[in-house]
Amino acid sequence: MATDSNLFENLKMELRRGSLIVAVLAQLRTEQYGYTLRKALAERGMEVDEGTLYPLLRRLETQGLLSSEWREEDKRNKRFYVLSAEGKQMLKQLLAEWKNIDASLNGIVKG
């Protein structure tokens, strides 16, 4: 049987998984590359490791929600990501759903 600490960590990861998608989409309303995106998310309390972020970025791009391009900056090639038109629409829908879930949860938790 999992210890309380392990159980909490597993449940916390599940809770954060969906939230991370919304956070990434919202943060990419402005173009960024991976490192600056990770830093911006961490500064707002949403720390994410590279092994989670980069596969997520590739998946969101494959789904048509992000577009990216390689550019040289500071003599290094960096991949810059930004929301696509479809991504902007999806973010709008997800934020509306987020507000509904938040309102429901607040009502349930308050009893």
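As shown above, the structure is provided for reference.
Below you will find a few notes about this structure. Since this is a predicted model, take the numbers as computed values, not measurements. (Residues numbered from 1 in each chain as written. Predicted model: local features only at pLDDT ≥ 70, side-chain atom pairs only at ≥ 80, totals over all residues. Heavy atoms only, no water.)

What about the side chain of Gln 27?
Along the chain, the position of Gln 27 falls in helix 1 (residues 4-27). Classification of Gln 27 by relative accessible area gives buried; the value is 16%. Dropping the residues within four chain positions of it, Gln 27 is found in contact with Gln 32, Leu 37, Ala 40, Leu 41 and Arg 44. (Helix = DSSP H or I, 4+ residues; strand = E, 2+ residues; numbered from the N terminus. Buried < 20%, exposed > 50% of the residue type's maximum accessible area, 1.4 Å probe, protein only. Contact = heavy atoms within 4.5 Å.)

Concerning the side chain of Lys 78
Relative to the assigned elements, Lys 78 resides in strand 3 (residues 76-83). Side chain to side chain, Lys 78 and Tyr 33 meet in a polar contact 3.2 Å long. Look past the residues within four positions of Lys 78 in its chain and what remains in contact with it is Tyr 33, Glu 69, Trp 70, Arg 71 and Glu 73. (Polar contact = N/O pair within 3.5 Å; in protein donor to acceptor, adjacent residues only side chain to side chain.)

Quick word on the packing of helix 2 (residues 34-43) against helix 3 (residues 50-62)
Across the interface, helix 2 lies against helix 3 with an axial gap of 11 Å and an inter-helix angle of 120°. Compared by their axis directions, helix 2 and helix 3 come out oblique. The two elements helix 2 and helix 3 meet at a crossing, and its hand is right-handed. When helix 2 is examined against helix 3, the residues Gly 34, Tyr 35, Leu 37 and Arg 38 are found in contact with a partner set consisting of Glu 50, Leu 53, Tyr 54 and Leu 57. Within the contact of helix 2 with helix 3, the residues separate by chemical class into five nonpolar, one polar and two charged. (Axes fitted to C-alpha atoms, helices over the stretch in contact; angles between N-to-C directions. Parallel < 35°, antiparallel > 145°, perpendicular 65-115°, else oblique. Left-handed = near helix turned anticlockwise from the far one by under 90°. Nonpolar A, V, L, I, M, F, W, Y, C, P; charged D, E, K, R; others polar.)

Some thoughts on unusual backbone geometry
It is generally the case that most residues other than glycine have a negative phi and that most peptide bonds are trans. The backbone phi angle of Asp 74 is positive, close to 55°, even though this residue is not glycine. Its identity as a non-glycine residue notwithstanding, Lys 75 has a phi of 65°, on the positive side. Along the chain, Lys 75 falls in the loop between strand 2 (66-73) and strand 3.

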